[in-house]
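# Secondary and tertiary structure notes
Chain by chain, the residues run as shown.
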Amino acid sequence: MIAINGLKKRFALTREHKKKKSQTDPRERDGFFHSVEEVNLHCGQGEVLGLLGPNGAGKTTTLRMLSTALTPDAGTILVDGQDIVKKPVVARKAIGFLSGSTGLYGRLTAKENVEYFARLHGLKGKALKAKCDELFQRLEMETFLDKRAEHLSTGMKQKTNIARAVVHSPKVVVLDEPTTGLDIMTTQTVISFIRDLKARGTPVIFSTHHLDEVALLCDRVSVIDKGITCFDGSLADFKTKGQSEELNQAFLNLLTGAQHV
Ligand SMILES: Nc1ncnc2c1ncn2[C@@H]1O[C@H](COP(=O)(O)OP(=O)(O)OP(=O)(O)O)[C@@H](O)[C@H]1O
């Protein structure tokens, strides 16, 4: 369903970076920062994949390439067998992407924001209302639908962003740190929403630093360390290869192992 192979992305170093005498990161070389060096990731129909990695590992860069916001320097990204790098317009219809920095229109209400994106995707009339109402109910948004986005709390904004990302019923959902900064109740709503997507057969890829969410939701896990995939497999394999039933420990063991390769 989703197959990423040999993905690479580098960014030109700024003048400030180049001026620095001491090299701080092995990914800084030849005038570039090699943010993603070799990422491989696989997620099947109805599976949920947790993308893990330390800060700066390259998770957001990978997800931005998957969402077509960034073009890879090398590698392939297949969604349902279609090469989305070659067909970005097809990809944008097929993928619902929640980015950490997605902005809402502050002067529009939560409801207007979601409806606006529904219209951009070609929904109208009864179909638009039915889809939006369903999402407002599933994401428990009814109490703040008529509040302007600029006055919403972090959790309310995140729910609105999620509704906006999936209003076109995408084949694949990609969420960059969907629960970061949320309270326990809102986190629970987001977790239930991901479970619901899985039950409907929609594959979900989400990045997180919370391994309790991985335990609750994921069939598969992918770990990136310094721009390189050091694990991509089932949750059971993650525990076996990480040599621990405890997910935090398995994650740390996999990272340590990767450094020794
Ligand atoms: N446009 C850019 N120009 C230069 N460097 C970049 C750019 N975008 C990302 N990077 C660098 O690439 C590396 C990977 O960043 P990325 O945001 O993908 O990491 P991450 O795994 O999502 O981290 P976190 O868990 O902290 O969100 C970082 O060192 C970052 O500074």
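Bear in mind that the values here come from a model prediction, so they are computed numbers and not experimental data.

### Side note on the site of the ligand
- Taken together, F11, F33, S35, G53, N55, G56, A57, G58, K59, T60 and T61 are the residues near the ligand.
- Sorting the residues of the shell around the ligand by element identifies β3 (32-43) and α2 (59-66) as the ones contributing at least two each.
- In terms of residue class, the shell around the ligand is built from 3 nonpolar, 7 polar and 1 charged.

### Concerning the nonpolar core
- In this structure, A163 and V174 are the most contacted members of the largest nonpolar core, which totals 63 residues.
- Sort the elements by how many residues they give to this core and helix α6 (residues 154-166) lands first, with 5 residues.
- With sequence-adjacent residues up to four places away left out, V174 is seen in contact with L63, L66, S67, I95, G96, F97 and I205.

### What about helix α5 (residues 125-138)?
- Spanning 14 residues, α5 covers 20 Å between terminal C-alpha atoms, matching the ideal 20 Å at 1.5 Å per step.
- Of the surrounding elements, those touching the buried residues of α5 are α4 (110-120) and α6.
- Taken from the residues just after α5, E140 is the one with a positive phi, measuring 50°.

### Re the pairing of strand β5 (residues 74-79)
- By the bridge criterion, 5 bridges tie strand β1 (residues 2-12) to β5 in an arrangement that is antiparallel. What sits directly across from I2, in β5, is V79.
- Looking at chain direction, β5 and strand β6 (residues 82-83) are connected through 2 bridges and run antiparallel. Of the residues in β6, the one forming a bridge with V79 is Q82.
- Once β5 ends, the chain turns through 2 residues before running back antiparallel as β6, passing D80 with a positive phi of about 55°.

### Looking at the packing of α6 against helix α7 (residues 184-199)
- Interaxial distance between α6 and α7 falls to 10 Å at its minimum, and their mutual angle equals 15°. Classed by the angle they form, the pair α6 and α7 counts as roughly parallel. For the crossing formed where α6 meets α7, the hand is left-handed. On the side of α6, the interface is formed by G155, Q158, K159 and I162, while α7 contributes T186, T189, V190 and F193.

### A few points about the packing of α4 against α6
- The N-to-C vectors of α4 and α6 enclose an angle of 20°; their axes lie 9 Å apart at closest approach. By the angle between their directions, the pair α4 and α6 is classed as roughly parallel. In this structure, the crossing between α4 and α6 has a hand that is right-handed. Between α4 and α6, the residues in contact are A110, N113, V114 and F117 and M156, T160, A163 and R164, respectively.
- Across the contact of α4 with α6, the residue classes break down as 5 nonpolar, 2 polar and 1 charged.

### Notes on unusual backbone geometry
- Even without being glycine, D30 reaches a positive phi, approximately 55°.
- Within the element layout of this structure, D30 appears in the loop between β2 (28-29) and β3.
- The phi angle at T68 is positive, at roughly 75°, despite the residue not being glycine.
- Following the sequence through the fold, T68 ends up in the loop between α2 and β5.

Calculation rules
Residues numbered from 1 in each chain as written. Predicted model: local features only at pLDDT ≥ 70, side-chain atom pairs only at ≥ 80, totals over all residues. Near = placed C-beta within 6 Å. Helix = DSSP H or I, 4+ residues; strand = E, 2+ residues; numbered from the N terminus. Nonpolar A, V, L, I, M, F, W, Y, C, P; charged D, E, K, R; others polar. Core = buried A, V, L, I, M, F, W, Y, C linked by C-beta atoms within 7 Å. Buried ≥ 20, exposed ≤ 12 C-beta atoms within 10 Å, placed from the backbone. Contact = placed C-beta atoms within 7 Å. Expected span 1.5 Å × (residues − 1). Pairing = 2+ DSSP bridges. Axes fitted to C-alpha atoms, helices over the stretch in contact; angles between N-to-C directions. Parallel < 35°, antiparallel > 145°, perpendicular 65-115°, else oblique. Left-handed = near helix turned anticlockwise from the far one by under 90°.

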